[in-house]
Amino acid sequence: LTHKLEKPAPGAKEISLNLTAAYYQGQPVAKGEVQQFTHIADTNFYPEKFRDYLFGDHRTPDFGYWYHYFGYRWDEEDGSSRRSNSDAAKATLAEDGTALITAKLPQSEFPMAREVTISTEVTDANRQSLNKSTEVTVHPSSVYVGVSRLDRLARVGDKLPLQIVAVPPDGEAYAGDLSVETQL
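Because the structure is predicted, anything quoted here is derived from the model rather than measured.

Cut-offs used in this document
All residue numbers refer to position in the chain's written sequence, counted from 1. With the structure being a predicted model, the display of local features is reserved for residues of pLDDT at least 70 and the display and counting of side-chain atom pairs for 80 or more, all residues being used for whole-chain, interface and lining totals. Each side-chain value is derived from all of the structure's non-hydrogen atoms; neither hydrogens nor water enter the calculation. Helix numbers and strand numbers start at the N terminus; a helix is a DSSP run of H or I with at least 4 residues, a strand a run of E with at least 2. When we talk radius of gyration, it's over C-alpha atoms, and the globule rule is simply 2.2 Å times the number of residues to the 0.38. Only protein chains enter the area calculation, which uses a 1.4 Å probe; residues under 20% of their type maximum are buried, those over 50% are exposed, and those in between are partly exposed. A contact between two residues is defined here by any heavy atoms of the two lying within 4.5 Å. Computed by Shrake-Rupley with a 1.4 Å probe, the accessible areas treat only the displayed protein chains as cover when residues are assessed. Lys and Arg are tallied as positive, Asp and Glu as negative. Neither His nor the chain termini are counted. Positions of charges follow a simple convention, taking NZ of Lys, CZ of Arg, CG of Asp or CD of Glu. Two rings from Phe, Tyr or Trp (for Trp, the six-membered ring) form a pair when their centres sit within 6.5 Å of each other. Planes less than 30 degrees apart are called stacked, planes more than 60 degrees apart edge-to-face, and all others tilted. What makes a nonpolar core is a set of buried Ala, Val, Leu, Ile, Met, Phe, Trp, Tyr and Cys residues whose side-chain atoms join them at distances within 4.5 Å. Here the term patch refers to residues with relative accessible area over 30% and no salt bridge, with like charges joined within 9 Å and nonpolar side chains (Val, Leu, Ile, Met, Phe, Trp, Tyr) within 5 Å. Within this document, salt bridges are pairs made up of a side-chain nitrogen of Lys or Arg and a carboxyl oxygen of Asp or Glu, the two lying within 4 Å of each other. In this analysis, strands are considered paired if DSSP registers two or more bridges between them. Comment: axis = line fitted to C-alpha atoms, over the contacting stretch for helices; angle = value between 0 and 180 degrees taken between N-to-C directions.

K.L.:
What exactly am I supposed to notice about the overall build of the protein here?
P.N.:
Of the regular secondary structure elements, the protein holds 1 helix and 10 strands. Its C-alpha atoms give the protein a radius of gyration of 21 Å, more than 25% over the compact-globule value 16 Å for 184 residues. Taken along the three principal axes of its C-alpha coordinates, the protein extends 70 × 40 × 25 Å. Counting the 184 residues in the protein, one finds 34% classified as buried. Long-range contacts, defined as pairs at least 24 residues apart, comprise 64% of the intrachain contacts of the protein with a sequence gap of at least 6. Accessible surface for the protein amounts to roughly 12,100 Å². Of this, 49% is attributable to carbon and sulfur atoms. Side-chain charges in the protein split into 19 positive and 26 negative, and the spacing between the mean points of these groups amounts to 2 Å.

Below, the structure is given as structure tokens:
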């Protein structure tokens, strides 16, 4: 099985994957049955060079932050408690062993990065099956704005030494000018 997935544009509403199924000798798996499984999980953005900044939704504890940067795990399997969606669909391969698999991304409650996993299982006429998974991150925009962590108790009236930083999905500092409006 071959998955070909183009890098999605920031804020994409759907993902398209080109699936090709062929036998080891190269012949296509014509008219094979395809089962598609899609898992979409909200996640925050964790650029390596900006670990002292928070990006994304921090209205609830972000266990993924501590797991990503420091390897700390909680009781949950992946160390996060973010929202996720799963979907399944069926299709049939064309004569040339190809199919276009499309996964629609539901509207997110909060603009966050989303990890999309598309798994396919192809079954031929002899009931032989192969499977493959592909994962991609869909970013909500072309630039993230992060706010510095505050690791102390703040009281009403305290001046907070918060800093902000702009970072594109490649994890480097944003080079241009950016106008940001904030509200605490």
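K.L.:
Can you walk me through the packing of aromatic side chains in this structure?
P.N.:
The full count for this structure, using the stated rule, is 6 aromatic pairs. Look at Phe45 and Phe55: their rings are 5.5 Å apart centre to centre, the planes differ by 80°, and that puts the pair in the edge-to-face class. Of this pair, Phe45 sits in the loop between strand 3 (33-43) and strand 4 (53-54) while Phe55 is found in the loop between strand 4 and helix 1 (63-70), placing the two residues 10 residues apart along the sequence. Relative accessible area serves as the criterion here: at 9%, Phe45 is assigned to the buried category. Judged by relative accessible area, Phe55 falls into the buried class, the value being 1%. Judged by centre distance (6.2 Å) and plane angle (70°), the ring pair of Phe50 and Tyr53 falls under edge-to-face. With respect to burial, Phe50 and Tyr53 carry one shared label: buried. Here the aromatic cluster, defined as three or more aromatic residues joined through ring pairs, consists of Phe45, Phe55 and Tyr144.

K.L.:
Explain the nonpolar core here, please?
P.N.:
The tendency in soluble globular proteins is for nonpolar side chains to be buried as a group. Formed by 18 residues in total, the largest nonpolar core has its most connected members in Ile15, Leu19, Leu93, Ile101, Val116, Ile118 and Val122. For this core, the elements supplying multiple residues, two or more each, are strand 2 (14-20), strand 3, strand 6 (98-104), strand 7 (113-123) and strand 8 (129-138). Residue contacts for Leu93: discarding those within four places in its chain leaves Leu19, Ala21, Val29, Lys31, Gly32, Val34, Thr98, Ala99 and Val122. Tyr53, Phe55, Ala113 and Tyr144 belong to the second largest nonpolar core, which has 8 residues in total.

K.L.:
Looking at this model, I keep getting lost on the environment of Pro169. Mind explaining?
P.N.:
Following the sequence through the fold, Pro169 ends up in the segment after strand 10 (164-167). In the structure, Pro169 is positioned 28 residues away from Ser141 in sequence and 8.4 Å away in space, judged by C-alpha atoms.

K.L.:
Looking at this model, I keep getting lost on a nonpolar patch on the surface. Mind explaining?
P.N.:
On the surface, Val145, Val147, Leu150, Leu160, Leu162, Ile164, Tyr174, Leu178 and Val180 cluster together to form a nonpolar patch covering roughly 650 Å² of accessible area. Mapped onto the elements of the fold, Leu178 is located in the segment after strand 10.

K.L.:
How should I be thinking about the sheet that holds strand 9 (residues 144-148) in this particular structure?
P.N.:
Pairing between the strands of a sheet comes from backbone hydrogen bonds, and it takes one of two forms, parallel or antiparallel. The strand order 4-9-10 describes an open sheet built from 3 strands, whose pairing is antiparallel. Sheet topology places strand 4 and strand 10 at the edges, where each strand pairs with a single neighbour. By the bridge criterion, 4 bridges tie strand 9 to strand 10 in an arrangement that is antiparallel. The partner of Val145 across the bridge, within strand 10, is Ala166.

K.L.:
Would you take a moment to explain the sheet that holds strand 3 for this structure?
P.N.:
Taken together, 4 strands build an open sheet; the order of strands is 5-3-7-8 and the sheet is antiparallel. Both outer strands of the open sheet, strand 5 (84-92) and strand 8, are each paired with one neighbouring strand and no more. Across this sheet, the average inter-strand angle for adjacent strands is 15°, counted without regard to direction. In the sheet, strand 3 pairs with strand 7 via 11 bridges, with the strands oriented antiparallel. Residue pairing across strands places Phe37 opposite Ser119, the latter belonging to strand 7.

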